[in-house]
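Read off the chains here:
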Amino acid sequence: HNAVRKKASTGDYGFNPQEFIRDYLDGEGRVRQEAALQAWLIHRLSERGPESQRVFGVLDVVINRVPGSPFKPIIWMDRIDALGYALENMAEGLHPTITGFKIIEVKREFLDLPLKEETNPVNQCMKYVDWVAHTRAGGDYSLVEAFLLANGFSPAFKRYKDENAQRSYLLPRRPYTPAKWDSLKLVTYEAHPDGKMDLRIE
């Protein structure tokens, strides 16, 4: 408590993502706690770190643990691990416009099948995609991109994603034309002994 009090009163505090991750390594390129992996990710997205920018692009706003379901008691509330969006100035004197949403679901482990229907990360991501598309993007799925971050994916899991991570919809503007959404990307992370992290799209 004294150490925290001193840092808070003097402003002498900071967050080093490498040191932080180093404390949570399991020795096999994985992070032991999902919350630690989320904290690292939010920091790198907010700071526009090169490793996160290569995969997720530039986000102007990044929010952690965003409610992603209709209102319900908080103990049962679904939460999106990371939701970000990009802004663009469309005209002088107007507020910036959101040009796209990015959903990131974080899993620390290697993902394989079989998984229970209700805990399958692909189904979880798609539930969030539907929620953001309908409540934030006016039904326009083309404004939504999703990512599933994990330590790796089995061939069976990748096939499941390819078969189930799709949506058919109507563009909510004239001309009302049918369109298809299949923008869920699988992202693998690898944690190194020095705390550095590598990200790559599968």
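Refer to the structure presented above.
Rules and cut-offs
- Residues numbered from 1 in each chain as written.
- Predicted model: local features only at pLDDT ≥ 70, side-chain atom pairs only at ≥ 80, totals over all residues.
- Heavy atoms only, no water.
- Pairing = 2+ DSSP bridges.
- Helix = DSSP H or I, 4+ residues; strand = E, 2+ residues; numbered from the N terminus.
- Axes fitted to C-alpha atoms, helices over the stretch in contact; angles between N-to-C directions.
- 1 Å grid on protein atoms, 1.4 Å probe; cavity = no way out; pocket = protein on both sides within 12 Å on 5 of 7 lines; lining within 4 Å.
- Points joined across faces, edges and corners; volume = space filled by probe spheres on them.
- Nonpolar A, V, L, I, M, F, W, Y, C, P; charged D, E, K, R; others polar.

*Asks:* Honestly, the sheet that holds strand E5 (residues 144-150) in this entry has me stumped. Any pointers?
*Replies:* The strands making up a sheet are joined through hydrogen bonds of the backbone, oriented either antiparallel or parallel. Taken in spatial order, the six strands of this open sheet run E1-E2-E3-E5-E9-E10, and their pairing is mixed. The strands lining the two open edges of the sheet, one partner per strand, are strand E1 (61-67) and strand E10 (197-201). When the angles between neighbouring strand axes are averaged without regard to direction, this sheet yields 25°. Sheet analysis places strand E2 (residues 79-88) next to strand E3 (residues 97-106), joined by seven bridges and oriented antiparallel. Pairing of Leu83 across the sheet is with Ile103, part of E3.

*Asks:* I'm lost on empty space enclosed by the protein in this one. Help?
*Replies:* A probe matching the size of a water molecule, rolled over the atoms, marks out where space remains unfilled. Scanning the model with the defined rule gives one cavity of 30 Å³ or more in all. In this structure, the largest cavity encloses a volume near 30 Å³. Around the largest cavity, the lining residues are Val66, Pro67, Ile80, Leu83, Trp131, Val132, Thr135 and Arg136. When contributions to the lining of the largest cavity are tallied by element, the ones reaching two or more residues are E1, E2 and helix H5 (121-135). The leading source of residues in the lining of the largest cavity is H5, at three residues. In terms of residue class, the lining of the largest cavity is made up of six nonpolar, one polar and one charged.

All we've got here are geometric facts, nothing functional implied.
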